[in-house]
Amino acid sequence: AVVSTQSGHYGRGVTEGTKIKYNIAVVTADKAWAGTNSDIRMTLYGSKGQTSDHNLDSAGNDFERGETNDFVINDKDIGNLECIGLKISGTDGWMPEDITVTYGPHGSKHTVENINRWLDDNASFKLCNVKSVVQYDIAIETSTKSWSGTDSSIFITLRGSDGTTAEHELDNRGINDFQKGHTSKFVINDKDVGSLSCIVLRIYGRDGFRAQTVTVVNQVRKTTSSTDVYEWLDDNGSLELCDLRQATEYSLALTTSTKGWAGTDSGIYVILKGSNGNTKEHKLDTISHNDFRKGNTDTYVFYDQSIGSLDCILFRINGKDGWLVDTITVEIGYYEYSTANRSNVWLDGYKTIKFCNLKVEY
């Protein structure tokens, strides 16, 4: 049997001793006599301990040949899943094929595939051949230089201290990725490569592409790596990017005022100023979405260097269609900074506006 693991970190809200929900999906093999009427029990073993022994029993007729049965158990947080223990109570044998366990606030997913092993006569066995598969969040900011965007296919490979992922195509169906000046975001699932050392981009096609920054978030290790790109990617070529730095995630929630004409179609840009430096200027724009509508709240996430504690938020408008922001919230790690535009100051005519009176919550 092969156990694959698609893990997400726990983060805020999960503490030692907290009970969490484990969603179990069990597929019985589609072979003669594979189904059973005996009781099946399961124990989960992880990096922080093990669950109790749980009887898998739903309202229906469980463990029929070729069928999938879903169960829910509530138990303590065992950390990353390492083994799945199965036990049969009875002499009516059973052959499982696949088992999937999903749990945690970020949907940590573990799948045991191709088990095809008989469990009979009150016996038990443990499946511990665990292959770790993690979620990587990829953010690629396309340069604002002329012709930087592309319609060619872009592929990514990650190399680290513990190995290399497969090559993954970066494509969001129904969305025009890699537009000039925009940030395109993707999710890939692959092995844990350890400490990330290089990012390899490859293009398939001759419509050249110029990225500005590439950021990779490992959702298990909770590490964020970023790099600047100074070269064109063209003519079925590839780029190896190994000058990586640790990056910080910044999340902005901006509510536009409900006053008349408060919304805008002009471009809005932001710089965050902190105790240890400033971010670069980031364009706030969601592809295929009409941003900054009157009364609406728009949320943006970008990655940049660590600036320490947030001191000021600087906005710039590129256009004459003015914008009136109402409230601003910035999340940096566990800290939340917020302020309100109580003076109803408009941002207009290619100007800038700065907010420095920030409320801080942890």
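Residues numbered from 1 in each chain as written. Predicted model: local features only at pLDDT ≥ 70, side-chain atom pairs only at ≥ 80, totals over all residues. Heavy atoms only, no water.

S.K.: If you had to explain the overall build of the protein chain to someone new, which residues and values would you point to?
M.R.: Scanning the protein chain from N- to C-terminus turns up 0 helices and 30 strands. With respect to the three principal axes, the spread of C-alpha positions in the protein chain is 80 × 50 × 35 Å. Considering only residue pairs separated by 6 or more positions, the protein chain has 74% of its internal contacts joining residues 24 or more positions apart. A total accessible area of about 17,800 Å² is found for the protein chain, and carbon and sulfur atoms account for 42% of it. Within the protein chain, the 49 negative side-chain charges are centred at a point lying 6 Å from the centre of the 37 positive side-chain charges. (Helix = DSSP H or I, 4+ residues; strand = E, 2+ residues; numbered from the N terminus. Contact = heavy atoms within 4.5 Å. Areas by Shrake-Rupley, 256 points an atom, 1.4 Å probe, with all protein chains shown as cover. Lys, Arg positive; Asp, Glu negative; His and termini not counted. Charge placed at Lys NZ, Arg CZ, Asp CG, Glu CD.)

S.K.: An account of the packing of aromatic side chains is requested, with residue identities and associated values reported.
M.R.: Summed over all chains, the structure comprises 12 aromatic pairs. Each ring, one from Y335 and one from Y362, has its centre 5.1 Å from the other, and the planes form 65 degrees; the classification is edge-to-face. Of this pair, Y335 sits in strand 28 (residues 335-340) while Y362 sits in the segment after strand 30 (359-361), placing them 27 residues apart in sequence. Residue Y335 is classed as partly exposed on the basis of its relative accessible area of 41%. Joined through ring pairs, the aromatic side chains of F292, Y300, F315, W323 and F355 make up one cluster. Here the guanidinium or amino end of K126 rests over the ring plane of Y45, the centre of that ring lying 4.0 Å away. (Phe/Tyr/Trp six-rings, centres within 6.5 Å; stacked < 30°, edge-to-face > 60°. Buried < 20%, exposed > 50% of the residue type's maximum accessible area, 1.4 Å probe, protein only. Lys NZ or Arg CZ within 6 Å of the ring centre and 35° of its normal.)

S.K.: Explain the sheet that holds strand 25 (residues 297-304) to me, and be specific about the residues and the numbers.
M.R.: With respect to topology, 5 strands assemble into an open sheet ordered 25-21-27-28-30, the strand pairing being antiparallel. Every interior strand has two partners, whereas the edge strands, strand 25 and strand 30, have only one. Pairs of neighbouring strands in the sheet enclose a mean axial angle of 20 degrees, with direction left out of account. Sheet analysis places strand 21 (residues 248-256) next to strand 25, joined by 8 bridges and oriented antiparallel. The residue bridging T248 from the neighbouring strand is D304, located in strand 25. (Pairing = 2+ DSSP bridges. Axes fitted to C-alpha atoms, helices over the stretch in contact; angles between N-to-C directions.)

S.K.: For unusual backbone geometry, give the residues involved together with the corresponding values.
M.R.: A positive phi angle, close to 60 degrees, is found at F63, a residue other than glycine. Take F63: it is sitting in the loop between strand 5 (54-55) and strand 6 (68-76). Although it is not a glycine, K222 adopts a positive phi angle of roughly 60 degrees. Inspection of the secondary structure puts K222 in the loop between strand 17 (211-218) and strand 18 (223-228).

S.K.: Could you give an account of the state of the cysteines, with specific residues and numbers?
M.R.: Per the counting criterion, the structure on display carries 3 disulfides. Disulfide pairing places C83 opposite C128 at an S-S distance of 1.9 Å. What sets the handedness of the C83 and C128 disulfide is the S-S torsion sign, and at about 125 degrees it is right-handed. A residue pair is termed long-range when its members are at least 10 positions apart, and C83 in strand 7 (residues 81-89) and C128 in the loop between strand 10 (124-127) and strand 11 (130-142) qualify at 45 residues. Using a relative accessible area of 13% as the deciding quantity, one classes C83 as buried. Note on C128: relative accessible area 40%, which makes it partly exposed. The disulfide bridge from C198 ends at C242, spanning 1.9 Å between sulfur atoms. A torsion of 110 degrees about the S-S bond marks the disulfide between C198 and C242 as right-handed. With a gap of 44 residues between them, C198 in strand 16 (residues 196-204) and C242 in the loop between strand 19 (238-241) and strand 20 (245-246) connect regions that are remote in the sequence. (Disulfide = S-S within 2.5 Å.)

S.K.: Could you give an account of the side chain of T157, naming the residues involved and the relevant values?
M.R.: Mapped onto the secondary structure, T157 falls in strand 12 (residues 153-160). Classification of T157 as buried rests on a relative accessible area of 14%. Not counting chain neighbours up to four residues away, the residues in contact with T157 comprise T164, T165, A166, E167, C198, I199 and V200.

S.K.: Can you lay out the pattern of salt bridges for me, pointing to particular residues and giving the numbers?
M.R.: Applying the stated criterion across every chain, the model contains 12 salt bridges. Across the pair D192 and R221 runs a salt bridge, and its minimum N-O distance is 3.0 Å. Placement of the pair is D192 in the loop between strand 15 (183-191) and strand 16 and R221 in the loop between strand 17 and strand 18, with a sequence separation of 29 residues. Using a relative accessible area of 17% as the deciding quantity, one classes D192 as buried. With a relative accessible area of 40%, R221 lands in the partly exposed category. As a salt-bridge pair, D265 and R293 come within 2.8 Å of each other at their nearest N and O atoms. Taken as a pair, D265 in the loop between strand 21 and strand 22 (267-274) and R293 in the loop between strand 24 (282-283) and strand 25 lie far apart in primary sequence, 28 residues in all. Look at D265 and you get exposed, because its relative accessible area is 60%. What you see here is one network of salt bridges that share partners, running through D162, D192 and R221. (Salt bridge = Lys/Arg side-chain N within 4 Å of Asp/Glu carboxyl O.)

S.K.: Go over a negative patch on the surface with me, naming the residues and quoting the values.
M.R.: On the surface, D151, D207, D234 and D235 cluster together to form a negatively charged patch. Relative to the assigned elements, D207 resides in the loop between strand 16 and strand 17. For D207, a relative accessible area of 34% puts it in the partly exposed group. (Patch = residues over 30% accessible without salt bridge, like charges linked within 9 Å, V, L, I, M, F, W, Y side chains within 5 Å.)

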